[in-house]
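Reading the structure
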Amino acid sequence: MKRLLPSRAFLADLCTSRKALSTMPQYSTKVENSAKCIDLRSDTVTLPTQGMRDAMANVPVGDDVYGEDPTINALEERCAKIFGKESSIFVCSGTMGNFLAMLAHCQRGEEIIVGKQSHIFRWEQGNFAQYGGISATTVEIAEDGTLPLAEIEASIRVNDYHMPKTRLICLETTHNWSGGKALSKEYLKAVREIADRHGLLIHLDGARIYNASVATGLDVAEISKYVDSVQMCFSKGLGAPVGSIVAGTKDFVDSVRYKRKGIGGGWRQAGILAAAAMYSLDHAVETCTRDNKNAAILAAGFNERTPANLKEKIHANEKGLTNILVIRLSGGLTPPQFVEFFKKHNVLVMAFDERRVRLVTNWGLTDEKIQEVFTVYEKFVASLQ
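Because the structure is predicted, anything quoted here is derived from the model rather than measured.

So, the UniProt feature "domain: Aromatic amino acid beta-eliminating lyase/threonine aldolase" (unreviewed entry) in the protein
Within the UniProt annotation, "domain: Aromatic amino acid beta-eliminating lyase/threonine aldolase" (unreviewed entry) is assigned to residues 39-310. Secondary structure content for residues 39-310 is 45% helix and 14% strand, and the end C-alpha separation is 25 Å.

Brief notes about the sheet that holds strand 2 (residues 87-91)
Here we have seven strands laid out as an open sheet, ordered 2-8-7-6-5-3-4, and mixed in their pairing. Sheet topology places strand 2 and strand 4 (135-139) at the edges, where each strand pairs with a single neighbour. Going from strand to strand, the sheet's axes swing by 20 degrees on average, the running direction of each strand aside. Note that strand 7 (residues 229-233) and strand 8 (residues 244-248) share four bridges and pair antiparallel.

So, the layout of surface pockets
The probe, sized like a water molecule, is rolled over the atoms to show the empty space still left. A volume near 620 Å³ is recorded for the second largest pocket. In terms of lining residues, the second largest pocket is bounded by 20 residues, among which E143, W177, S178, R328 and R356 are the most central. At the level of elements, helix 1 (8-22) and strand 10 (324-329) are the ones that each hand at least two residues to the lining of the second largest pocket. Element by element, the count of residues in the lining of the second largest pocket is highest for strand 10, at three residues. For the lining of the second largest pocket, the per-class residue count stands at six nonpolar, four polar and 10 charged.

Side note on the nonpolar core
Membership of the largest hydrophobic core comes to 51 residues, with the highest contact counts inside it found for F83, L171, Y210 and F234. With six residues, the single largest contributor to this core is helix 12 (residues 271-282). Formed by 30 residues, the second largest nonpolar core is a distinct cluster that contains A316, L359, F374 and Y377.

Considerations on the UniProt feature "modified residue: N6-(pyridoxal phosphate)lysine" (unreviewed entry) in the protein
As annotated by UniProt and renumbered to match this structure, "modified residue: N6-(pyridoxal phosphate)lysine" (unreviewed entry) occupies K236. With respect to the helices and strands, the residue K236 is situated in the loop between strand 7 and strand 8. Filtering out sequence-adjacent residues up to four positions away, K236 remains in contact with D43, T44, H119, A207 and R208.

Considering the pairing of strand 7
Extensive coverage of strand 7 is indicated by the burial of five of its five residues. Burial of strand 7 is two-sided: the residues S229, Q231 and C233 facing one way and the residues V230 and M232 facing the other way are all buried. Two strands pair when backbone bridges link them, and strand 6 (residues 201-205) and strand 7 are joined in this way by three bridges, in the parallel orientation. Across the sheet, residue L204 finds its bridge partner in strand 7, namely V230.

A short note on the packing of aromatic side chains
Within the structure shown, the criterion is met by 13 aromatic pairs. Consider the rings of W123 and F352, whose centres lie 6.0 Å apart with planes at 10 degrees: the pair is stacked. Placement of the pair is W123 in the loop between helix 5 (119-122) and helix 6 (127-130) and F352 in the loop between strand 12 (350-351) and strand 13 (356-360), with a sequence separation of 229 residues. Classification of W123 as partly exposed rests on a relative accessible area of 23%. The class for F352 is buried, based on a relative accessible area of 0%. A centroid spacing of 5.0 Å and a plane angle of 45 degrees characterise the contact between W177 and F352, whose relative ring orientation is tilted. Taken together, the positions of W177 in the loop between strand 5 (166-172) and helix 8 (185-198) and F352 in the loop between strand 12 and strand 13 put the pair 175 residues apart, joining distant regions of the chain. The same class applies to W177 and to F352, which are both buried.

Remarks on the pattern of salt bridges
According to the stated counting rule, one finds 16 salt bridges in the structure shown. With a closest N to O distance of 2.8 Å, R78 and D282 form a salt bridge. With a gap of 204 residues between them, R78 in helix 3 (residues 70-83) and D282 in helix 12 connect regions that are remote in the sequence. A salt bridge links R356 to D353; its shortest N-O distance comes to 2.9 Å. Residue class for R356 comes out buried when judged on its relative accessible area of 7%. Several salt bridges converge on common partners, so that one network encompasses R192, D196 and D228.

Brief notes about the sheet that holds strand 10
The strand order across the open sheet built from four strands is 9-10-13-12, with neighbouring strands paired in antiparallel fashion. In this open sheet, the two strands that pair with only one neighbour each are strand 9 (314-316) and strand 12. Helix 13 (residues 284-305) contacts strand 9, strand 10 and strand 13 of the sheet and is inclined by roughly 20 degrees relative to strand 10.

A word on helix 8
The end-to-end C-alpha distance of helix 8, which contains 14 residues, comes to 20 Å, matching closely the 20 Å that a straight helix rising 1.5 Å per residue would cover. Looking at helix 8, one finds that the buried residues are Y187, L188, A190, V191, R192, I194 and A195. Each element contacted by the buried residues of helix 8 is listed here: helix 7 (149-155), strand 5, strand 6 and helix 10 (220-224). Positioned one or two residues after helix 8, G199 has a phi angle of 70 degrees, which is positive.

Observations concerning the packing of helix 9 (residues 209-216) against helix 13
Across the interface, helix 9 lies against helix 13 with an axial gap of 9 Å and an inter-helix angle of 70 degrees. Classified by the interaxial angle, the pair formed by helix 9 and helix 13 is roughly perpendicular. Residue-level contacts link Y210, N211, V214 and A215 of helix 9 to A284, V285, C288, T289 and N292 of helix 13. Grouping the amino acids of the contact of helix 9 with helix 13 by side-chain chemistry returns six nonpolar, three polar and no charged.

Cut-offs used in this document
- Residues numbered from 1 in each chain as written.
- Predicted model: local features only at pLDDT ≥ 70, side-chain atom pairs only at ≥ 80, totals over all residues.
- Heavy atoms only, no water.
- UniProt positions renumbered as here; feature names shortened; annotations may be inferred.
- Helix = DSSP H or I, 4+ residues; strand = E, 2+ residues; numbered from the N terminus.
- Pairing = 2+ DSSP bridges.
- Axes fitted to C-alpha atoms, helices over the stretch in contact; angles between N-to-C directions.
- 1 Å grid on protein atoms, 1.4 Å probe; cavity = no way out; pocket = protein on both sides within 12 Å on 5 of 7 lines; lining within 4 Å.
- Points joined across faces, edges and corners; volume = space filled by probe spheres on them.
- Nonpolar A, V, L, I, M, F, W, Y, C, P; charged D, E, K, R; others polar.
- Core = buried A, V, L, I, M, F, W, Y, C linked by side-chain atoms within 4.5 Å.
- Buried < 20%, exposed > 50% of the residue type's maximum accessible area, 1.4 Å probe, protein only.
- Contact = heavy atoms within 4.5 Å.
- Phe/Tyr/Trp six-rings, centres within 6.5 Å; stacked < 30°, edge-to-face > 60°.
- Salt bridge = Lys/Arg side-chain N within 4 Å of Asp/Glu carboxyl O.
- Expected span 1.5 Å × (residues − 1).
- Parallel < 35°, antiparallel > 145°, perpendicular 65-115°, else oblique.

Here is the structure:
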């Protein structure tokens, strides 16, 4: 079969996009006037609501390293039940939660299977290798956020003195890089079958698992049923200021707790933060339902407002949305061009890669602000005519 090569126009366009993107700081760039902007860079930018602040101000606290913070204890008991696991532990961030899970599951020299575009591999500094002595086999992520089953199976090491031992498969839902795609029950079950067949464990980076739950109609415990451990961020889709939870067996969580202390993650009177997490859980389904809906409204609204002559150059994905919306650009249009125009009009979005811009809906986005975003978009496409 004859292999089709990219056209010169495609390569030139890609080169232009990469050159423009390389001059622009990424992902965590500080914006001086962010408080005055409509901020769609992430769902991590939200501020506590008044109800959340009230909850934080009035909770009992204690020293969690001694196991004496009643609010943290209540949060961990509640989350264990939510995830259908024996135990859970409150940690400061999703990155810490994923890292501790890998440390608890793997010995030095063992290997994980992880998506090349997964958050664990792409955005967490390779901490499993830096500090844990754990290696990784990477698999390309499919458009739906899955690691292809055949690729997972092919990546499992054979029993040979020359090779590390495969220990853990790492999944992600919703999948950030693929545009917030949620994993299906059928897929999770299929990966579980592979893991069981080869005696492997599965860790789920479920940073936005409630967004996935709302999108798929699966209960959080049903999603977690097929994995050995799961991590969820309170500070992303749920809108709390700080914290993540890691859940699994009691022995696993005991190991995570021990290792958490070793890397300086022991809490003292952190029940104040756990109270914000508890409040976010009380409103989790409501919050994620609204945010997923708003992402769909934005995607459809952008496409409706894109002139016919620009529809091949600008397209917002409308399939499989949760609270992450990706706009694909081509034909000489670049993500930095899009980002800078919106920034000048006090709307913040993220340049995601050479061709894509990411917007993440969050509970700071009101109906009125959605209309303001559409107004800025109309000005943007008009400037291209």
